[in-house]
2 protein chains.
Amino acid sequence: MQLEFLGTGSGQPSKFRNVTSIALRLLDERNAVWLFDVGEATQHQILKTTLRPRKVEKIFISHLHGDHIFGLPGFLSSRSFQGANKNEPLTIYGPKGVEEFVETSLRVSETRLSYPVVYVEIQEGVIFEDSTFKVIAAKMRHRITSWGFRVEEKDHPGELLVEKLRDLNVPSGPVFGQLKAGKRVTLSDGRTLDGADFIGEAQKGRVVTFILDTRPNDNIATLAYQADVLVHESTYGASEEEAKMAKAHAHSTSVNAANVARRAHVDKLILTHLSARYIGPMVKSLISDVRRIFPNTMVARDLDIVDIPLRKVSEKGTKKK
Amino acid sequence: MQLEFLGTGSGQPSKFRNVTSIALRLLDERNAVWLFDVGEATQHQILKTTLRPRKVEKIFISHLHGDHIFGLPGFLSSRSFQGANKNEPLTIYGPKGVEEFVETSLRVSETRLSYPVVYVEIQEGVIFEDSTFKVIAAKMRHRITSWGFRVEEKDHPGELLVEKLRDLNVPSGPVFGQLKAGKRVTLSDGRTLDGADFIGEAQKGRVVTFILDTRPNDNIATLAYQADVLVHESTYGASEEEAKMAKAHAHSTSVNAANVARRAHVDKLILTHLSARYIGPMVKSLISDVRRIFPNTMVARDLDIVDIPLRKVSEKGTKKK
Ligand SMILES: [Zn+2]
Ligand SMILES: [Zn+2]
C-alpha cells in the first residue's frame, strides 16, 4: 500500500505543483489503484509514473471545485484509449453533480468509453465495503459540499506456523487447514493441538484518511482516529494573517492539520493542497512550524511516493513518532 | 505576429507532445493573443511561456473532440483567478456544444468568472472582422463537425515619406496629412505635390490558415490560398498503411498536407497533431518525405515559436521556398 501524490497544489496549477490528485496504490492488496480527486492534467502526471489507468478501479471526489475534477473527462477518455475493456468498470464516488459534469463532457465530445462507469452519490457513512476494504465518508465544511474519506483495510489474519508444526512432526494434510481455522485437533497418534498455538500474529489493517478542502471541523478527528496516515489539506501556513485567510476561504492551515493529527493519534501527517508559494525555504519553515506540534509530518511534493507498511497487531500504536 | 505551439500531439497527451492548442500571438498588432483549440493542460503549457491568459481575447475551436476542448474550463478559471476583469471579455467561436460543455463545467464546479464569455456558433464564411483582421471559417470533413480557419490581416498602408518631404523643404503641417491621404496639394510657394509620390510601399497583411482534424477536402486549398503559413494536421505519415489509417479515422497524412500546401501556393507549411510515435528519427524521416513535395515544411514541437514577418506588397510570392 502506497500513496502517490499526483498533484499537491491548490486552486490552479503552478510550475512545481499540479492541482489535486492522490493515488492510493493497492497493487499488492487488490491489484488496483484508487484516485482521490482528479484535477486537470492528472493523466499528464500519470505519464510520469508507473501507474496504469486500466488499474484504476475507483475514484473518490471530495468536492466539485474545478481544481479537483477538471481532469476527469481526459483521464476517462485515455483509460478507454489505452484499452480498458467492458470487464474493467470504474466507479466514481462523488457529490451529486460529478455525473452531470462527466456525462456532458463525454456526450458533447462524442466520446464513447470502452468500459462502464458507475456513479455513486456520496452519503454520510460507509460508502464502500468488501472483504478487504471499507471506505467511510463524512461531511467537511467548505464553500460547497465537501467530503473527507477514511479508508480502512481489514486485518490480515495470522499465517499458519508451518515450521513449528514440522518441528513437532505433524504430517501436512487436512489437519493444517483445521488448525489454521483455529480449531482443536486430535492427531492419529493421540496428541491434541490447539490452532491458536500455531497461528502467527495477525497484521493490523491499515488506515488512511484523506481530508481535502475544508475548514477545521469535528468530523476530521473521527475520520482520522489512529490512522496510519492522515493526508490533510494545508492551503495556508502558520502565521496569523494566513489563519485569517484560511477562515475567509473555508480552508485549513498547517497548524489546524497538526492539531487534529495529534488529537486523533495518527502515526503520520502528510500536508498537501499547498499554495504555489510553498517551494524551497518556504517548505522548510512550514515543516518546522508544524513539527513543533506534530513531529511526524511531511509536506508532499508532486510525484512523491509514500509507503504505508503493514504492522503486527502488537506493534500498533508503538511506532516511533 | 507569431505562432506558438502549445500542444502538437493527437488524441491523447504523451511525454513530448501535449494535445492540441496553438496560440496566435498578435501582441504588436492588437495587444492580444488568440488560441486555436484548447486541449487539456493548455494552461499548464502556458505556464512554460510568456503568454498571459488575460491577453487571450478570442478562442477558436475547430471541433468538439476531447483533445481539442477539455482544457477550456481550467483555462477560463485561471484567466479569472489571474485577475481578468469585466472589461476583458473573451469570445469563443466554436461548434454548437462548446457552450453547453463550458457552462456545465463552470456551473457544476461553482466557478464564477470575473469577466464575460461570449459564445459564437460558427457558420460558414466570415466569422469575425474588424479594421485590422478578418477570420473565415469553412467546413472540414471529420467524424464530427469540424472547421478550418483562415486568419487574414488587413494590408498596412504605406507610411508618409517624411524625409523626402524635408529634403524638398516642405514645411510640416496639415499638408502632411493631406499628402498621406493621397491627395494632390498646391503649396503656398506654387509647387504642386502628388501624395502618391510621398507614400511608401504598403505592407501586405499576413494570412495564416489552421486546418485541424479533417480528411482531405476541397475547402482546405480555398482557406489556404497564398497563405503565409498553413498549419495542417498530420496525424499519419507517408506510408500506404498510414494512408489507410488516415482514411479510416477521417484524418490527413503528411503527404495530404504537402499536396494541398503546394496546390494553394502557401509560403510555409507547419505540420502538427502528430502521433506520439513521431519523436527523434521518425520526425526526420517525416520531414524528408514531405519536403520532396513541399520544401518549406516544418514539423511543430511543443513550445515552438514561429515568426511570421511582414512583407512589402511587391515581395509577395517572391519569398524563397
Ligand atoms: Zn482545492
Ligand atoms: Zn484531434
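Residues numbered from 1 in each chain as written. Chains lettered and ligands numbered in written order. Predicted model: local features only at pLDDT ≥ 70, side-chain atom pairs only at ≥ 80, totals over all residues. Heavy atoms only, no water.

Note the threshold: UniProt positions are given in the numbering used here, feature names are shortened, and annotations may be inferred rather than shown by experiment.
In the annotation of an unreviewed UniProt entry, the entry for chain A reads Ribonuclease Z, and the organism field reads Leuconostoc carnosum. Listed under Function (unreviewed entry) in UniProt, the entry text for chain A is "Zinc phosphodiesterase, which displays some tRNA 3'-processing endonuclease activity. Probably involved in tRNA maturation, by removing a 3'-trailer from precursor tRNA."

Re the UniProt feature "binding site: Zn(2+) 1" (unreviewed entry) in chain A
Residues and elements named next belong to chain A. Defined as follows: Helix and strand assignments follow DSSP, with helices taken as H or I runs no shorter than four residues and strands as E runs no shorter than two, numbered in order from the N terminus. Type-normalised accessible area, obtained with a 1.4 Å probe on protein chains alone, sets the label of each residue: buried when under 20%, exposed when over 50%, and partly exposed for intermediate values.
Feature annotation in UniProt assigns "binding site: Zn(2+) 1" (unreviewed entry) to the following positions: His63, His65, His142 and Asp213. These residues run over 151 residues, yet every pair of their C-alpha atoms falls within 10.3 Å of each other. Structurally, histidine 142 is set in the loop between β8 (133-139) and β9 (147-153). A residue is classified by how much of its surface remains accessible, and histidine 142, at 12% relative accessible area, is buried.

As for the coordination of the zinc ion (ligand 2)
Residue and element names in this part refer to chain B. Rules: Shown as donors are all N, O and S atoms within 2.8 Å of a metal ion, widened to 3.2 Å for Na, K and Ca; because water is not in the atom set, sites may appear incomplete. The rule is simple: four donors are tetrahedral if all their angles sit between 85 and 135 degrees, four are square planar and six octahedral if opposite donors span more than 155 degrees and the others lie between 65 and 115, and anything that fits none of that is irregular.
Those protein atoms acting as donors to the zinc ion (ligand 2) are Asp67 (OD), His68 (NE2), Asp213 (OD) and His273 (NE2), and they sit at 2.1 to 2.4 Å. One can describe the donor arrangement at the zinc ion (ligand 2) as irregular, given that its 4 donor atoms subtend angles of 91 to 165° at the metal. If you list the donors of the zinc ion (ligand 2) from N- to C-terminus, the spacing comes out as D-H-x144-D-x59-H. Of this pair, aspartate 213 sits in the loop between β13 (207-211) and α8 (218-224) while histidine 273 sits in the loop between β15 (268-272) and α11 (281-291), and the two are 60 residues apart along the sequence. We note that aspartate 213, like histidine 273, is buried.

A few points about the pairing of strand β13 (residues 207-211) of chain A
Here is the key point about a regular strand: its side chains alternate between the two faces of the sheet. Residue and element names in this part refer to chain A. Note the cut-off: Strand pairing is assigned whenever DSSP detects at least two bridges linking the two strands. By convention, a crossover is right-handed whenever its connection, traced from the first strand over the helix to the second and viewed with the strands pointing away, goes clockwise.
Of all the 5 residues making up β13, 5 are buried; the element is thus mostly covered by neighbouring parts of the structure. Of the two faces of β13, the one carrying Val207, Thr209 and Ile211 and the one carrying Val208 and Phe210 are both buried. Examined bridge by bridge, β9 and β13 share 4 bridges and lie antiparallel to one another. If you follow phenylalanine 149 over to β13, its bridge partner there is phenylalanine 210. For the crossover from β13 across helix α8 (residues 218-224) to strand β14 (residues 229-233), the handedness is right-handed.

Regarding the sheet that holds β13(A)
What holds strands together in a sheet is hydrogen bonding between their backbones, with the strands either parallel or antiparallel. Residue and element names in this part refer to chain A. In plain terms, the rule: Each axis is a line fitted through C-alpha atoms, taken for helices only over the stretch in contact, and angles between the N-to-C directions span 0 to 180 degrees. Contacts are residue-level and defined by heavy atoms, with any inter-residue pair within 4.5 Å sufficient.
Read across the sheet, 7 strands follow the order β7-β8-β9-β13-β14-β15-β16 without closing on themselves; strand pairing throughout is mixed. Taken across any chain shown, the strands that pair with only one partner, and hence form the sheet edges, are β7 (125-129) and β16 (297-299). Strand after strand, the sheet turns through a mean of 20° between neighbouring axes, direction not considered. Packing of helix α11 (residues 281-293) onto the sheet brings it into contact with β15 (268-272) and β16, and relative to β16 it is tilted by some 160°.

Some thoughts on the relation of the copies chain B and chain A
Note the threshold: Superposing the copies works by least squares over the C-alpha atoms of residues that have pLDDT at least 70 in both of them.
When chain B is brought onto chain A, the operation consists of a screw motion whose angular component is 180° and whose axial shift is 0.0 Å, with 0.1 Å RMSD remaining. What we have between these two chains is a two-fold relation. No C-alpha of chain B approaches the rotation axis more nearly than that of B:Ala41, which lies at 2.7 Å. Taken as a fraction of all interface residues of chain B, those also at the interface in chain A reach 100%, which identifies the copy contact as same-surface.

A look at the domain arrangement of chain A
Just so we agree on the cut-off: Segmentation of the chain into domains, including their bounds, is taken from an automatic or database domain assignment.
Domain boundaries in chain A define domain 1 (2-157 + 202-320) and domain 2 (162-198). Relative to domain 2 of chain A, the C-alpha centre of domain 1 of chain A lies at a distance of 45 Å.

A short note on the packing of aromatic side chains
Rules: Only Phe, Tyr and Trp rings are paired, with Trp represented by its six-membered ring, and only when their centres lie within 6.5 Å; those with planes under 30 degrees apart are stacked, over 60 edge-to-face, the remainder tilted. Comment: the charge-over-ring label is applied if NZ (Lys) or CZ (Arg) is within 6 Å of the ring centre and within 35 degrees of the ring normal.
Counted under the stated rule, the structure contains 18 aromatic pairs over all chains. Consider the rings of A:Phe36 and A:Phe210, whose centres lie 3.7 Å apart with planes at 10°: the pair is stacked. Here the residue A:Phe36 occupies a position in strand β3 (residues 32-36), and A:Phe210 occupies one in strand β13, the gap between them amounting to 174 residues. Given the relative accessible area of 0%, A:Phe36 is considered buried. Cluster of aromatic residues (ring-pair linked, three or more members): A:Trp34, A:Phe36, A:Phe60, A:Tyr93, A:Phe128, A:Phe133, A:Phe149 and A:Phe210. The ring centre of B:Phe128 lies 3.9 Å from the NZ or CZ of B:Lys58, which sits over that ring. Against the face of B:Phe198 rests B:Lys164, its NZ or CZ located 5.2 Å from the ring centre.

So, the interface of chain B and chain A
Rule in force here: Here the quantity called buried area is the total loss of accessible area, with a 1.4 Å probe, experienced by two parts when brought into contact, counted for both. One side-chain nitrogen of Lys or Arg within 4 Å of one carboxyl oxygen of Asp or Glu is enough to make a salt bridge.
Contacts between chain B and chain A engage 35 residues on the former and 35 residues on the latter. With both sides pooled, the region where chain B packs onto chain A buries about 2,700 Å², and carbon together with sulfur makes up 60% of that total. At the boundary of chain B with chain A, the tally comes to 2 salt bridges. Of the charged contacts, one joins B:Glu100 and A:Arg107 as a salt bridge, the two residues approaching to 2.7 Å between their closest N and O atoms.

Description of the pattern of salt bridges
Applying the stated rule across the entire model yields 32 salt bridges over all chains. B:Arg54 is paired through a salt bridge with B:Glu88; the nearest N and O atoms lie 3.1 Å apart. Of this pair, B:Arg54 sits in the loop between α2 (42-46) and β4 (56-60) while B:Glu88 sits in the loop between α4 (72-81) and β5 (90-94), and the two are 34 residues apart along the sequence. The exposure class of B:Arg54 is partly exposed, given its relative accessible area of 30%. Between B:Lys154 and B:Glu129 there is a salt bridge whose closest N-O contact spans 2.6 Å. Taken together, the residues B:Lys154 in the loop between β9 (147-153) and α6 (162-167) and B:Glu129 in strand β7 (residues 125-129) connect sequence positions 25 residues apart. Here B:Lys154 falls in the partly exposed class, since its relative accessible area comes to 30%. When its relative accessible area of 43% is taken as the criterion, B:Glu129 is described as partly exposed. The structure contains a network of salt bridges with shared partners spanning A:Glu29, A:Glu153 and A:Arg206.

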